[in-house]
Amino acid sequence: MNGTVALDRLRELFARTEQGGDDAFFRQAREARANCWSDWVFLYGFLYLSTFCRNDCAFCQYRRSNAEEQRYRKSLRELREAGLRLAEDGVHLLDLTLGEDPYFVEGEGFSRLEEMVAVLHRETGLPIMVSPGVITAEQLSRLRQAGADWYACYQETHDQRQFARLRLGQDFDRRRQARLDAAAAGLLVEDGLLTGLGERADELTASLHAMRDEPLSQVRAMSYVPHACTLPVPDGGAAGGQRLHELRAIAAMRLLMPDRLVPASLDVDGLEGLRMRLQAGANVVTSIVPSGCGFAGVATRELDIDNERRSVAAVRRVLTDMGMEMATAADYARWVESRRQTLAAGGGQQEDASSCG
């Protein structure tokens, strides 16, 4: 697919409010996924280490100014127990995420974060994704040395005016640079978009173009979930459960970047929303959370966690019903190593079939 033509087409698609034409678009995305990945789907376990944050993002319930939020920091023991349980259940990666907690990213607690990464990697044998927000190049290198394979740092939008509205008081270029620093340190990198906040079609297509040109290995779109302390949903946003921009963005990512991993998150609509995201071209299921461990979700704190509907078993049932299959941990580990070699050889910013599954 020619990138320029695709972006013109996507701009028209994102500008439409009706769903006409989406079925064909999603079918094309599924075909691109099948060509690159067959029917494989990867599963990510999610461990929300800390809900403390130094930032005041207008879209996040864990924003610094939300005095009503009950915060927590999990211990190494809690992380280890939950991580081992997720590994036994069959996830392919552990996503260790946190708000930009000053304890872990500014002070003495950073060595504690390194220890957590090292223990999880050593005892589960799984790749580790770490999402501590914007940190220094030296810190990113230390996390890689501790055993981390991935770094996730979401821009949410590549439109600087929208970025200033969403990520209050933060530096647009510094956030992008953190991803580049992570890639230079040997980490695989993920970026993500937030949809359903009144974004324009040209903003979405510009973001997709910017993501395509970065050395990213995973690209994500996720719908905004409003809370009492966050921005209201604008007219034409995520209200009504339509999720059109998110689903179209997932399909666009698959078509523009067929070799990248594209997640379907359980964090927005729970298990109920998994099928439509896979039908749009996703090939990773993220935010699988162990029940009964006291871990929160990001967009929704409790949705489907303690009723076992964000479990590997529940996801497997959906995949089986759709004729898709769970990859093995060995499959995923081989892809991670192959992708790392592709990036080291100077690839990864354009479509590269050799780094597909």
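Residues numbered from 1 in each chain as written. Predicted model: local features only at pLDDT ≥ 70, side-chain atom pairs only at ≥ 80, totals over all residues. Heavy atoms only, no water.

A. Examining the pairing of strand β1 (residues 40-50) more closely. Of all eleven residues in β1, ten are buried; the element is thus mostly enclosed. By the bridge criterion, two bridges tie β1 to strand β9 (residues 325-326) in an arrangement that is parallel. Residue V41 lies in a different strand from β9, and its bridge partner there is M326. Examined bridge by bridge, β1 and strand β8 (residues 284-288) share three bridges and lie parallel to one another. When the sheet's bridge partners are listed, F42 is paired in β8 with V284. (Buried < 20%, exposed > 50% of the residue type's maximum accessible area, 1.4 Å probe, protein only. Helix = DSSP H or I, 4+ residues; strand = E, 2+ residues; numbered from the N terminus. Pairing = 2+ DSSP bridges.)

B. Examining helix α5 (residues 109-124) more closely. When the terminal C-alpha atoms of α5 are compared, their 22 Å separation across 16 residues agrees well with the 22 Å that a helix rising 1.5 Å per residue should span. Along α5, the residues classified as buried are G109, F110, L113, E114, M116, V117, V119, L120 and T124. Elements in contact with the buried residues of α5: β1, α3 (76-89), β2 (93-98), α4 (102-105), β3 (128-131) and α6 (137-146). In the stretch just after α5, G125 is the one whose phi turns positive, near 75°. (Expected span 1.5 Å × (residues − 1). Contact = heavy atoms within 4.5 Å.)

C. Layout of empty space enclosed by the protein. On inspection of all chains with the given rule, the structure shows three cavities of 30 Å³ or more. For the largest cavity, the calculated volume is near 720 Å³. Taken together, 43 residues line the largest cavity, and the ones lying closest to its centre are T97, Y154, E156, R220 and V298. Elements represented by at least two residues in the lining of the largest cavity include exactly β1, β2, β3, β5 (188-195), β6 (218-223), β7 (263-265) and β8. Broken down by element, the lining of the largest cavity gets its largest block of residues, four residues, from β6. (1 Å grid on protein atoms, 1.4 Å probe; cavity = no way out; pocket = protein on both sides within 12 Å on 5 of 7 lines; lining within 4 Å. Points joined across faces, edges and corners; volume = space filled by probe spheres on them.)

D. Representation of the pairing of β3 in the model. Neither face of β3 is open: one carries I128 and V130, the other M129 and S131, and all of them are buried. Where β2 lies against β3, four bridges are found, and the strand directions are parallel. Looking at the pairing, L94 lines up with I128 of β3. In this structure, β3 lies alongside strand β4 (residues 150-152), joined through two bridges in parallel fashion. By the bridge assignment, M129 is partnered in β4 with W150. This β-α-β element, β3 to α6 to β4, shows right-handed connectivity. (Right-handed = clockwise from strand over helix to strand, strands pointing away.)

E. How the structure looks around the packing of helix α2 (residues 22-37) against helix α10 (residues 244-256). Running from N to C, α2 and α10 point in directions that differ by 40°, and their axes come no closer than 8 Å. Relative to α10, the element α2 is oriented oblique. α2 and α10 meet at a crossing whose hand is left-handed. Residue-level inspection shows D22, F25, F26, Q28, A29, A32, R33 and W37 of α2 in contact with α10, the latter providing L244, L247, R248, A251, A252, R254 and L255. Taken together, the residues of the contact of α2 with α10 sort by class into ten nonpolar, one polar and four charged. (Axes fitted to C-alpha atoms, helices over the stretch in contact; angles between N-to-C directions. Parallel < 35°, antiparallel > 145°, perpendicular 65-115°, else oblique. Left-handed = near helix turned anticlockwise from the far one by under 90°. Nonpolar A, V, L, I, M, F, W, Y, C, P; charged D, E, K, R; others polar.)

F. Quick peek at the nonpolar core. Counting residues in each nonpolar core, the largest one holds 92 residues, and the members touching the most others are L96, L113, M253, L274, I288 and V315. Here the element with the most residues in this core is α10; it accounts for eight residues. Ignoring anything within four residues of it in the chain, the contact list for L113 reads L49, L96, L98, F104, V130, P132 and L143. In this structure, C36, A152, A327 and W335 belong to the second largest nonpolar core, which totals 16 residues. (Core = buried A, V, L, I, M, F, W, Y, C linked by side-chain atoms within 4.5 Å.)

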